[in-house]
Amino acid sequence: MPRRLPPGFYRRPTLKVAEDLIGRVLVHTTREGTTVGRIVEVEAYIGETDPACHAAPGWTPRNAPLYGAPGRAYVYLNYGIHQLVNVVTEPEGVPAAILLRAAEPLEGLDLMRRRRDRRGSGRALERMELCRGPGNLTKAMGITLAQNRSALDESDFYLGDSPATRGKDPGTCDPTLAVVGWSPRIGIRVATGRRWRCALAGSPYVSGLRATPAPQIHHSSVAGN
DNA sequence: CGTTCGATGCACT
DNA sequence: GTGCATCGAACGT
């Protein structure tokens, strides 16, 4: 079993946490079973001065989790349909979070398919499609608004150290060796100059491959643990 | 390939 | 009333 990342992991500069998150595993256990995915794509939303951050208008009941303790989940409803999951970063009081956008499915693929399966017609989803995109990821992993504010060091869903395996599939690797690229965040019309989307270079599990410019490779090896 | 567009719910003005 | 940190079906080329 993966080891949970401690709250201190999240109580750091958000861009650093974002980079460190690539290659970690997301685990969620429910009555239905356990699903595990390796994080390959995230986006940072930092502070009231970031116009794309939900904290831009200042504190509200909705965005309150952003101002709370790091290492907790911020889940919200998007477009009335999709539930998007973030992890809160920075010291308490600094509103910032990281949106989980895509993962490489590792365990519980059948359960993911059942959760994703759109009613009626449809071929079986490929592994690559199960957790690609923030709305798809939460659906496949069974994450809902019920997880809002939950503490990842004691919740039944959490982020952890990745298994030691690496390099079996294209674009997969250990977080201590992850080569990441930075690009503009997807789906927003403001602050497009901020390249705060971080993805595992070359991963086929990343979303928006057609829609966005290739991530800029800037670096690097991330200090593990 | 590509682009458009409807579904859908809620926070905030 | 407006505008989303989206998705995928349905079309056009």
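Described below are features of the structure shown in this document. (Residues numbered from 1 in each chain as written. Chains lettered and ligands numbered in written order. Predicted model: local features only at pLDDT ≥ 70, side-chain atom pairs only at ≥ 80, totals over all residues. Heavy atoms only, no water.)

**Focus: the overall build of chain A**
Counting its regular elements, chain A contains 6 helices and 9 strands. Expressed as a percentage of the 225 residues in chain A, the buried residues total 52%. Counting every atom, chain A has about 10400 Å² of accessible surface; 53% of that belongs to carbon and sulfur. (Helix = DSSP H or I, 4+ residues; strand = E, 2+ residues; numbered from the N terminus. Buried < 20%, exposed > 50% of the residue type's maximum accessible area, 1.4 Å probe, protein only. Areas by Shrake-Rupley, 256 points an atom, 1.4 Å probe, with all protein chains shown as cover.)

**A closer look at helix α4 (residues 109–116)**
Here α4 has its buried residues at L109, L111, M112, R115 and R116. Summarising the axial view, the buried residues of α4 lie within an arc of 160 degrees, below the 170-degree limit, and thus occupy one face. Relative to its buried face, α4 has exposed residues pointing more than 90 degrees away, namely D110 and R114. (Arc of directions from axis to C-beta.)

**Comments concerning unusual backbone geometry**
In this structure, R149 takes a positive phi of about 75 degrees despite not being glycine. Summarising the element assignment, R149 is placed in the loop between α6 (134–141) and β6 (157–160). Phi angles above zero are rare outside glycine, and A191 is one such case at about 50 degrees. Structurally, A191 is set in the loop between β7 (180–183) and β8 (197–200). A residue is classified by how much of its surface remains accessible, and A191, at 22% relative accessible area, is partly exposed.

**Some remarks on the protein's contact with DNA strand B**
Neighbouring residues of DNA strand B: 8 residues in total, closest T60, R62, Y79, G80 and I81. Protein-adjacent atoms of DNA strand B, using a 4 Å cutoff, are sugar or phosphate at a proportion of 58%. Interatomic distance of 2.4 Å between a backbone N/O atom of Y79 and a base oxygen of DNA strand B. Split into classes, the residues belonging to the surface near DNA strand B amount to 4 nonpolar, 2 polar and 2 charged. (Near = heavy atom within 4 Å. Polar contact = N/O pair within 3.5 Å; in protein donor to acceptor, adjacent residues only side chain to side chain. Nonpolar A, V, L, I, M, F, W, Y, C, P; charged D, E, K, R; others polar.)

**Observations concerning the pairing of strand β2 (residues 33–46)**
Two faces make up the sheet, and in a regular strand the side chains alternate between them. Counting buried positions along β2 yields 12 of 14 residues, so the element is predominantly enclosed. One ladder, built from 6 bridges, connects strand β1 (residues 25–30) with β2; its direction is antiparallel. What sits directly across from T29, in β2, is T34. Count of turn residues in the β1/β2 antiparallel hairpin: 2 residues. Where β2 and β8 come together, 3 bridges link them in antiparallel fashion. Bridge pairing in β8 places V42 opposite C198. (Pairing = 2+ DSSP bridges.)

**A short note on the environment of G108**
Relative to the assigned elements, G108 resides in the loop between β5 (96–107) and α4. Separated by 50 residues in sequence, G108 and Y158 place their C-alpha atoms 15 Å apart. Ignoring any residue separated from it by four or fewer positions in sequence, one finds G108 in contact with T34 and T35. (Contact = heavy atoms within 4.5 Å.)

**Regarding the side chain of R185**
Within the secondary structure, R185 is located in the loop between β7 and β8. By relative accessible area, R185 is classed as buried at 5%. Only 3.0 Å separates the side chain of R185 from the backbone oxygen of A44, close enough to count as a polar contact. Those residues in contact with R185, other than ones at most four positions away along the chain, are E43, A44, Y45, D50, A52, A191, R194, W196 and R197.

**Observations concerning the nonpolar core**
Y10, L21, L26, I39, V42 and L159 are the most contacted members of the largest nonpolar core, which has 38 residues in total. If you tally residues by element for this core, the top one is β5, at 4 residues. Beyond its immediate stretch of four places on either side in the chain, Y10 contacts L5, V17, P70, G71, V87, V88, T89, E90, L152 and L159. Membership of the second largest hydrophobic core comes to 12 residues, among which are Y45, C53, A55 and Y74. (Core = buried A, V, L, I, M, F, W, Y, C linked by side-chain atoms within 4.5 Å.)

**Remarks on the pattern of salt bridges**
Inspection of every chain in the model, using the stated rule, returns 14 salt bridges. With a shortest N-O distance of 3.4 Å, R194 and D50 are connected by a salt bridge. Taken together, the residues span a long stretch of sequence, with R194 in the loop between β7 and β8 and D50 in the loop between β2 and α3 (64–67) at a distance of 144 residues. According to the relative accessible area criterion, R194 is partly exposed, its value standing at 28%. In this structure D50 comes out as buried when scored by relative accessible area, which is 0%. The partner of R113 in a salt bridge is D110, with the nearest N and O atoms 3.8 Å apart. Here D110 and R113 lie together in helix α4, a separation of 3 residues that amounts to about one turn. R113 gets classed as partly exposed once you look at its relative accessible area, which sits at 24%. Judged by its relative accessible area of 53%, D110 falls in the exposed class. (Salt bridge = Lys/Arg side-chain N within 4 Å of Asp/Glu carboxyl O.)

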